[in-house]
Amino acid sequence: MDLKIKYQGRAAPFSRGDTVLEALERSGVPVSSSCRAGACQSCLMRATEGVVPAAAQAGLKESLKKTGHFLSCICRPDQNISCEPAHSAPFQGPVHIQEIRPIGPDVVLVQLSRPAALEFIPGQFVTLKRYDGVARSYSIASQATQDDTIEIHVRLVPQGQLSSWFHTQAQPGDELWLEGPKGDCTYYPGQPDEPLILVGTGTGIAPLYAIALDACLQGHTGPISIYHGALSEERLYLVDELSTLIKSYPNVNYVRCVRNGPATSPVRVGELKDIVMAELADPKHKRVYLCGDPGLVRILKKHIFLAGVSMNRLHADPFVGTGS
Ligand SMILES: Cc1cc2nc3c(=O)[nH]c(=O)nc-3n(C[C@H](O)[C@H](O)[C@H](O)COP(=O)(O)OP(=O)(O)OC[C@H]3O[C@@H](n4cnc5c(N)ncnc54)[C@H](O)[C@@H]3O)c2cc1C
Ligand code: FES
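Given the structure is predicted, the values throughout are model-derived calculations rather than measurements.

## Quick word on the sheet that holds strand β8 (residues 125-129)
Strand order in this open sheet of 6 strands is β9-β8-β11-β6-β7-β10, and the pairing throughout is antiparallel. The sheet is open, and its two edges are formed by β9 (135-139) and β10 (149-155), each paired on a single side. Averaged over all pairs of adjacent strands, the angle between their axes in this sheet comes to 40 degrees, without regard to strand direction. Both β8 and strand β11 (residues 175-182) contribute to a ladder of 4 bridges, which runs antiparallel. Each bridged residue has a counterpart across the sheet, and for T127 the counterpart in β11 is E179.

Set out below in structure tokens:
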């Protein structure tokens, strides 16, 4: 039997095994997407008729699941469904590049205009769409108290469509379409003495620095341990800002980890996972934040969960790419 998806009243045929996103795109229906791997929620939809497989709701909040929301890039239905866009992003609109400058060997800081209606909590991410429709997600690296602008850190992915554009072509004044904020990898007050562990690789440090600073500014008194991993010492960045943070807040500890290089103190050499796990004593009462390389985030999440940290204390944003 042929299956059909109805999207805003328009029918699109699909074969078993197709995702809703693929079937709609093949029928010429424009749908927002970014990671195409269930991580960024750009393709969130709501089923108005029919039931979507539970796997299509992985990682969504209970309130969204109950109201029939699902991620169309990982939804492979086995029955006819009708659906509509979720309109979940609290803000959608144009923003302009104010400044772009290098802050690491392969990282640029992009400062964007901040519309008054764009409220966010440090650590959340936004989806940015270029004039030609290419859309990718980036974590907000700046604090919400910074009124007129937001900042993101973009790592150069060789041949990457949007990251290489930011690195080589984008100019102040260029316009992007912003949707967001999204995600709940953020600091929440209420347990000011709880130990916080923040672990990231590459630009994963952008949201982690924002979360740690937010915690400090909100008066967090418990220990805050930040682990930043890179292949080599030259590829670590934000070192001055993090060094200033530990001087201003004695409860903050900053550990630099590299995979290759001489073991010159204070940089640790080894696998980030092993370094973190070796220091994770009495993990049950700790809150953990993981950002950056999807493979490392997945492995660490599993190990930290098995070590006794409950899922509601484990917050993760894997920086999943398009896989294209
Ligand atoms: C929630 C979330 C938050 C994110 N936050 C940030 C952030 O703060 N800073 C940041 O720099 N990136 C971040 N990313 C990643 C970002 O969205 C893009 O995937 C990245 O910039 C690459 O996009 P591109 O268009 O340049 O590459 P694409 O054109 O999408 O990809 C080109 C090729 O590179 C591969 N590829 C894509 N991404 C990567 C990668 N990260 N590493 C290695 N190979 C890759 C693809 O599989 C493809 O073969 C985040 C992703 C998510 C889901
Ligand atoms: S979650 Fe579907 S495109 Fe990212």
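Structure's up, so let's keep going.
## Some words on the pattern of salt bridges
Applying the stated rule across the entire model yields 12 salt bridges. The partner of R26 in a salt bridge is D18, and the shortest N-O contact between them spans 2.4 Å. Overall, R26 belongs to the exposed group, its relative accessible area being 54%. Relative accessible area serves as the criterion here: at 12%, D18 is assigned to the buried category. Taking the shortest distance from any N to any O, the salt bridge between E279 and R268 comes out at 2.4 Å. Residue E279 is found in helix α6 (residues 272-279), and its partner R268 is found in strand β15 (residues 267-269); the two are separated by 11 residues along the sequence. Residue R268 is classed as partly exposed on the basis of its relative accessible area of 33%. Bridged by salt links that share partners, the residues E194, R287 and R313 form one connected network.

## Points about the sheet that holds strand β5 (residues 81-85)
Strand order in the open sheet formed by 5 strands is β2-β1-β5-β3-β4, with mixed pairing between adjacent strands. Bordering the open sheet on either side are β2 (10-14) and β4 (69-71), each of which pairs with just one other strand. Pairwise comparison of adjacent strand axes, ignoring direction, gives a mean angle of 40 degrees for this sheet. The pairing of strand β3 (residues 44-49) with β4 spans 3 bridges and is antiparallel. Within β4, the residue paired with L44 across the bridge is L71.

## Brief notes about helix α7 (residues 294-306)
The end-to-end C-alpha distance of α7, which contains 13 residues, comes to 18 Å, matching closely the 18 Å that a straight helix rising 1.5 Å per residue would cover. Of the positions making up α7, those classed as buried are L296, V297, L300 and I304. Down the axis of α7, the buried set is contained in an arc of 95 degrees. They therefore lie on one face. Residues of α7 that are exposed and angled more than 90 degrees away from the buried face: R298, K302 and L306.

## Observations regarding the packing of α6 against α7
Contact geometry for α6 and α7: axes closest at 11 Å, N-to-C directions at 25 degrees. For the element pair α6 / α7, the angle class is roughly parallel. The handedness of the crossing between α6 and α7 is right-handed. Contacts between α6 and α7 involve L272, K273, V276 and M277 from the former and L296, I299, L300, H303 and I304 from the latter. Grouping the constituent residues of the contact of α6 with α7 by class yields 7 nonpolar, 1 polar and 1 charged.

## Digging into the pairing of strand β7 (residues 107-113)
Of all 7 residues in β7, 7 are buried, a share of seventy percent or more. Alternating residues of β7 divide into V107, L109, Q111 and S113 and V108, V110 and L112, and every residue in both groups is buried. Summarising the sheet, strand β6 (residues 91-104) and β7 pair through 6 bridges and their orientation is antiparallel. Residue pairing in the sheet places R101 in a bridge with L109 of β7. Between β6 and the antiparallel strand that follows it, β7, lie 2 residues. Across 7 bridges, β7 lies against β10 in antiparallel orientation. Bridge assignment links V110 to a residue of β10, and that residue is I152.

## Overview of the domain arrangement of the protein
Looking at the assigned domains, one finds that the protein contains domain 1 (3-85), domain 2 (91-182) and domain 3 (196-317). Between the C-alpha centres of domain 1 and domain 3 the distance comes to 35 Å.

## Details of a nonpolar patch on the surface
On the surface, a cluster of nonpolar side chains totalling about 320 Å² of accessible area is made up of F305, L306 and M311. Topologically, M311 is positioned in the loop between α7 and β17 (314-318). Taking relative accessible area as the criterion, M311 reaches 45% and is therefore assigned partly exposed.

## As for the side chain of D106
With respect to the element layout, D106 can be found in the loop between β6 and β7. Assessed through its relative accessible area of 14%, D106 is described here as buried. Here R235 takes part through its side chain, which lies 2.8 Å from a polar atom of the side chain of D106. For D106, the contacting residues outside a window of four places in its chain are V154, R155, L156, H167 and R235.

Analysis parameters
- Sequence order as written defines the numbering, with residues in each chain counted from 1.
- Note on labels: chains are lettered from A, ligands numbered from 1, in written order.
- Totals for whole chains, interfaces and linings use all residues, but because this is a predicted model, local features are given only for residues with pLDDT of at least 70 and pairs of side-chain atoms are given and counted only at 80 or more.
- No hydrogens and no water enter the side-chain calculation; it runs on all heavy atoms of the structure.
- Any two strands with at least two DSSP-identified bridges between them are counted as paired.
- Numbering of helices and strands runs from the N terminus; a helix is a DSSP stretch of H or I covering at least four residues, while a strand is a stretch of E covering at least two.
- Axis angles are defined between N-to-C directions and span 0 to 180 degrees, where every axis is a line fitted to C-alpha atoms and, for a helix, only to the segment in contact.
- Any Lys or Arg side-chain nitrogen located within 4 Å of an Asp or Glu carboxyl oxygen qualifies as a salt bridge.
- Burial status follows relative accessibility: with a 1.4 Å probe on protein chains alone, a residue under 20% of its type maximum counts as buried, one over 50% as exposed, and anything between as partly exposed.
- Here a helix's expected span is defined as the number of its residues, less one, multiplied by 1.5 Å.
- It is the directions from the helix axis to the C-beta atoms whose arc is reported.
- Under this scheme an angle from 65 to 115 degrees is roughly perpendicular, one under 35 degrees roughly parallel, and one over 145 degrees roughly antiparallel; angles in between are oblique.
- Crossings are sorted by hand: turned counterclockwise from the far helix by less than a right angle, the near helix makes the crossing left-handed, and turned clockwise it makes it right-handed.
- Should any heavy atoms of two residues lie within 4.5 Å, those residues are considered in contact.
- Charged means Asp, Glu, Lys or Arg here, nonpolar means Ala, Val, Leu, Ile, Met, Phe, Trp, Tyr, Cys or Pro, and polar covers whatever is left, Gly included.
- As used throughout, domain bounds are those supplied by an automatic or database domain assignment.
- Distance thresholds for patches are 9 Å for like charges and 5 Å for nonpolar side chains (Val, Leu, Ile, Met, Phe, Trp, Tyr), applied to residues having over 30% relative accessible area and no salt bridge.
- Computed with the Shrake-Rupley method and a 1.4 Å probe, the accessible areas treat only the protein chains shown as cover for residues.
- Pairs of N or O atoms are called polar contacts if they sit within 3.5 Å, as long as, within protein, a hydrogen donor faces a hydrogen acceptor (for residues adjacent in sequence, only side-chain-to-side-chain pairs).

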